[in-house]
Amino acid sequence: MAKSKNKFSIKRLFKTLCIIAICYITYTVLITALYRFVNPPFTILMVQRCVEQTFSKDREVRLRKTWVKLEDISPYMLRGVVAAEDNNFKNHNGFDFKAIENARKINDQKGKTIYGASTITQQTAKNTFLWLHKSYFRKGLEAWHTVLMELWWPKKRIMEVYLNVIEFGDGIYGVEEASLYYFNKHASELTKREAALLSAILPSPLHRDAAHPSPKVQRRANMIQRKMNIIGPVRL
């Protein structure tokens, strides 16, 4: 009797998990298809940050975001993020396996995780659809969203969404608001140096300032700017 009851419970659990999986797959397929044409109104990360700000004594609740078309963003900014985050953006299918292998070798030598190898597509998937904290479960979902985006979104759309949802500071989202916040100008007016500085703060935007860069940010911006000169214009 007990065995029969356990069998029934396992079957019921399996059935429930299958239903959840089917619902999630359906939802992600539909939302990815929708966001191919419709701009995401908000992201889970934005909600997460607002909750953090609400319960923090040292942070104000702030949500600044303004969507701009890719054509209204300085071409230097495209070069900057490609140079800083994903040199092979135009050529890969969402995953840069060479970069992953190189990062693994370096991290193994150092004995800890120093370098990541997330592509711009993967970062867009994380910032648009998922939460912030790392886990193997979230990385698995990120990979699934990355595949869907690369299947249905052209590179131009991926870059546009990326530059409009990426976090540039506490409550500052997208390159337009970042440009206004740090340099008091629109994203279309960014210079090469300003684009390099904005790109330089992306690994840790809550602890770095593009308008008053630390020596570390200055060095990173210098490196990005040199790579921008090598890469040249990014045509998507």
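Summarised in this report is the structure supplied together with it. (Residues numbered from 1 in each chain as written. Predicted model: local features only at pLDDT ≥ 70, side-chain atom pairs only at ≥ 80, totals over all residues. Heavy atoms only, no water.)

## Points about the packing of helix H3 (residues 75-85) against helix H9 (residues 192-200)
- The N-to-C vectors of H3 and H9 enclose an angle of 40 degrees; their axes lie 8 Å apart at closest approach. Here H9 runs oblique to H3, going by the angle between their axes. For the pair H3 and H9, the sense of crossing is right-handed. Residues Tyr76, Met77, Arg79, Gly80, Val81, Ala84 and Glu85 of H3 form the contact with H9, whose own contacting residues are Lys192, Ala195, Leu198 and Ser199.
- Each residue belonging to the contact of H3 with H9 can be placed in one class, and the counts come to six nonpolar, two polar and three charged. (Axes fitted to C-alpha atoms, helices over the stretch in contact; angles between N-to-C directions. Helix = DSSP H or I, 4+ residues; strand = E, 2+ residues; numbered from the N terminus. Parallel < 35°, antiparallel > 145°, perpendicular 65-115°, else oblique. Left-handed = near helix turned anticlockwise from the far one by under 90°. Contact = heavy atoms within 4.5 Å. Nonpolar A, V, L, I, M, F, W, Y, C, P; charged D, E, K, R; others polar.)

## So, the sheet that holds strand E2 (residues 167-169)
- Read from one edge to the other, the open sheet built from three strands follows the order E1-E3-E2, with strand pairing classed as mixed. Two strands bound the open sheet, and with one partner strand each, they are strand E1 (64-65) and E2.
- When E2 meets strand E3 (residues 172-173), the two strands line up antiparallel, connected through two bridges. The residue of E3 that forms the bridge with Gly169 is Ile172. (Pairing = 2+ DSSP bridges.)

## Some thoughts on unusual backbone geometry
- One non-glycine residue, Asn184, lies in the positive phi region at around 55 degrees.
- Note on placement: Asn184 falls in the loop between helix H8 (175-183) and H9.

## Focus on H9
- With seven of its nine residues buried, H9 lies for the most part within the structure.
- Here H9 has its buried residues at Glu194, Ala195, Ala196, Leu197, Leu198, Ser199 and Ala200.
- The secondary structure elements touched by the buried residues of H9 are H3, E2, H8 and helix H10 (215-231). (Buried < 20%, exposed > 50% of the residue type's maximum accessible area, 1.4 Å probe, protein only.)

## Quick notes on the nonpolar core
- By size, the foremost hydrophobic cluster in this structure holds 47 residues, and its most contacted members are Ile73, Met77, Met159, Leu163, Phe168, Val175 and Leu198.
- The set of elements that each furnish at least two residues to this core consists of helix H1 (2-35), H3, helix H5 (120-129), helix H6 (136-152), helix H7 (155-165), H8, H9 and H10.
- Leaving out residues up to four positions away in the same chain, Phe168 has contacts with Met77, Leu163, Gly174, Val175, Ala178, Tyr182, Leu198, Ile201, Leu202 and Pro205. (Core = buried A, V, L, I, M, F, W, Y, C linked by side-chain atoms within 4.5 Å.)

## Regarding the layout of surface pockets
- If you add up the space inside the second largest pocket, you get close to 180 Å³.
- The wall of the second largest pocket is formed by 14 residues, among which Tyr27, Tyr35, Ile44, Thr128 and Phe129 lie closest to the centre.
- Going through the elements one at a time, H1, H5 and H6 are the ones with two or more residues in the lining of the second largest pocket.
- Among the elements that make up the lining of the second largest pocket, the one with the highest residue count is H1 (four residues). (1 Å grid on protein atoms, 1.4 Å probe; cavity = no way out; pocket = protein on both sides within 12 Å on 5 of 7 lines; lining within 4 Å. Points joined across faces, edges and corners; volume = space filled by probe spheres on them.)

## Considering the pattern of salt bridges
- Using the criterion set out here, one finds 13 salt bridges in the structure.
- A salt bridge links Lys156 to Glu71; the shortest N-O distance between them is 2.6 Å. Taken as a pair, Lys156 in helix H7 and Glu71 in the loop between E1 and H3 lie far apart in primary sequence, 85 residues in all.
- Lys139 is the partner of Glu142 in a salt bridge, and the nearest nitrogen-oxygen pair spans 3.1 Å. With Glu142 and Lys139 both in helix H6 and three residues apart, this pair spans about one turn of that helix.
- Assessed through its relative accessible area of 2%, Glu142 is described here as buried.
- When salt bridges that share partners are traced, they join Arg49, Glu52, Arg59, Glu167 and Asp170 into one network. (Salt bridge = Lys/Arg side-chain N within 4 Å of Asp/Glu carboxyl O.)

## A short note on the packing of aromatic side chains
- For the structure on display, the rule yields six aromatic pairs.
- Judged by centre distance (6.3 Å) and plane angle (25 degrees), the rings of Trp131 and Phe137 are stacked.
- Residue classification places Trp131 among the partly exposed residues on the basis of a relative accessible area of 29%.
- Note on Phe137: relative accessible area 58%, which makes it exposed.
- An aromatic cluster is built from Tyr35, Phe129 and Trp153, whose rings are joined through pairwise contacts.
- Here the basic side chain of Lys155 rests over the ring of Phe89, its NZ or CZ set 4.7 Å away from the ring centre. (Phe/Tyr/Trp six-rings, centres within 6.5 Å; stacked < 30°, edge-to-face > 60°. Lys NZ or Arg CZ within 6 Å of the ring centre and 35° of its normal.)

By themselves, these are just geometric observations and shouldn't be taken as functional.
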